[in-house]
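# Examining the three-dimensional arrangement
Here's the letter readout for the chains.
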Amino acid sequence: MKSISLILILCLMLSAAALAESAHAPEKEGSIDYMVLVNKLNPLPDGWEDALETVHVTNSVGDDVAAEKRAYEAYLALAADLEANDGIHTELDSGYRSVAEQQEIMERFTETYGADYAARTVATPGYSEHHTGLALDLYFIVDGKTVYKNEDLVQYPEIWRKIHTRLADHGFILRYLDGKEHITGYGYEPWHIRYIDDAQAARDIMSQPGMTLEVWLGAVEDTDPVIDYGSSALYSEADLEAAAVQIKCKFASFAGCALHSLRYAGDACNSEENLKWLSGLDGGKNYIQVIEFLGDFHTPVDPSDGSAWEPDTEYTDYQWWLAHEEGKGWQLLSWGY
Ligand SMILES: [Zn+2]
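Residues numbered from 1 in each chain as written. Predicted model: local features only at pLDDT ≥ 70, side-chain atom pairs only at ≥ 80, totals over all residues. Heavy atoms only, no water.

## Some remarks on the confidence of the model for the protein chain
The test is simple: Known as pLDDT, the predictor's per-residue confidence is scaled from 0 to 100. By definition in these notes, contact holds between two residues if any of their heavy atoms fall within 4.5 Å.
Scored by pLDDT, the protein chain has a mean of 90; 91% of the residues are at 70 or more. Scored below 50 in pLDDT, residues 1–28 makes three contacts in the model with residues more than four places away or belonging to other chains.

## Examining the coordination of the zinc ion
For clarity, the threshold we go by: Coordination partners: N, O, S within 2.8 Å of the metal, 3.2 Å for Na, K and Ca; water not considered, so apparent gaps in a site are possible. Every geometry call rests on angle ranges, with four donors termed tetrahedral when all angles are between 85 and 135 degrees, four termed square planar and six termed octahedral when opposite donors are over 155 degrees apart and all others are between 65 and 115, and everything else termed irregular. For helices the rule is a DSSP run of H or I covering at least 4 residues; for strands it is a run of E covering at least 2, with both sets numbered from the N terminus onward. The rule is simple: take the accessible area with a 1.4 Å probe, protein chains only, and divide by the maximum for that residue type; under 20% is buried, over 50% is exposed, in between is partly exposed.
Around the zinc ion, the protein supplies His-130 (NE2), Asp-137 (OD), Asp-137 (OD) and His-192 (ND1) as donor atoms, at distances of 2.1 to 2.6 Å. Viewed at the metal, the four donor atoms of the zinc ion are separated by angles of 54 to 151°, and the geometry they form is irregular. Each donor residue of the zinc ion lies on one chain, and together they are spaced H-x6-D-x54-H. A residue pair is termed long-range when its members are at least 10 positions apart, and His-130 in the loop between helix H5 (115–121) and strand S4 (135–142) and His-192 in strand S7 (residues 192–195) qualify at 62 residues. Here His-130 and His-192 have matching classes, each one buried.

## Overview of the domain arrangement of the protein chain
Our working definition: Boundary definitions for the domains trace back to an automatic or database domain assignment. Here's the idea: put two parts together, see how much 1.4 Å probe accessible area each one loses, and the total over both is what we call buried area.
Here the protein chain is partitioned into domain 1 (30–216) and domain 2 (226–336). Placing the centre of domain 1 and that of domain 2 at their C-alpha centroids yields a distance of 27 Å. On the domain 2 side, the residues contacting the 13 residues of domain 1 number 14 residues. Counting each side, the surface lost to burial between domain 1 and domain 2 is near 1,000 Å², with a carbon and sulfur contribution of 56%.

## Observations concerning the environment of Ser-334
As for its position among the elements, Ser-334 is in strand S12 (residues 331–336). Classification of Ser-334 as buried rests on a relative accessible area of 17%. Counting along the chain gives 204 residues from Ser-334 to His-130, while the straight-line C-alpha distance between them is 28 Å. Not counting residues within four places of it along the chain, the set of residues in contact with Ser-334 comprises Trp-277, Leu-278, Leu-281, Gln-319, Trp-320 and Trp-321.

Now the structure itself:
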């Protein structure tokens, strides 16, 4: 009896807390900054989750997806536009993700795969654009078939081109552009769109090829790194490109640094000695091939607190080491001199 009444009291307390929360939400509406920059260097601003108002929907595969209220309304208009004018049926794969959920994912991955692997594959809690509620991942249904997985979605560039053309009119931009990994920190994601609540600004960004939110907001200066894949008897250009994307994604978290060049170090990097070294780094992985790139970059005039960089200096022949296991993608494992 005692335990039942305790549960009852707990339930009442919880529902009172929930009521208090929903009663607060409306007066905070509109207090979020729709131009907010959240990336590997810029965390979600304090108080964001308190001010955020989300809408929950169930998508075509039965998943619950949440999004910021205005972003969701704009998405509905975008989806209707695409359906009516291009015959494209889009769905929401994911939207808002709380910092706590991201923390849980990180902990689960750390337990299962170890801290190094988790750090490489899961966005650091607090630094994912999905925390804003303004980032949406799309999938679509084409000829009655649900195209859902990333590796399948990239097979439809023509559909993505049509979707991307209509984003700006509804206040959305494409966020992770091909070739801008050194700015955004992410590889090309045709499905990840971002609501900025300003169609004119969105048109300005989307009309400039290669324009990222980071550069448009003046948070960073763009550099167009020169990438030299050299010649290789071991690796295809696609292999080397995939490795370079990993390096550029990591480089985006080198605050204030400008990447000038990357060049493949040559097939001699794939030695037994290097395989042994890199396999040993990660608690005994069985890597089967190695790629080394050398890069040049410039450090900021005024590095942020705690930065180990020499200010305003060109670092040349900086080494980037990647390896892969049988049947798996390239992992960036070591960088430095
Ligand atoms: Zn996304």
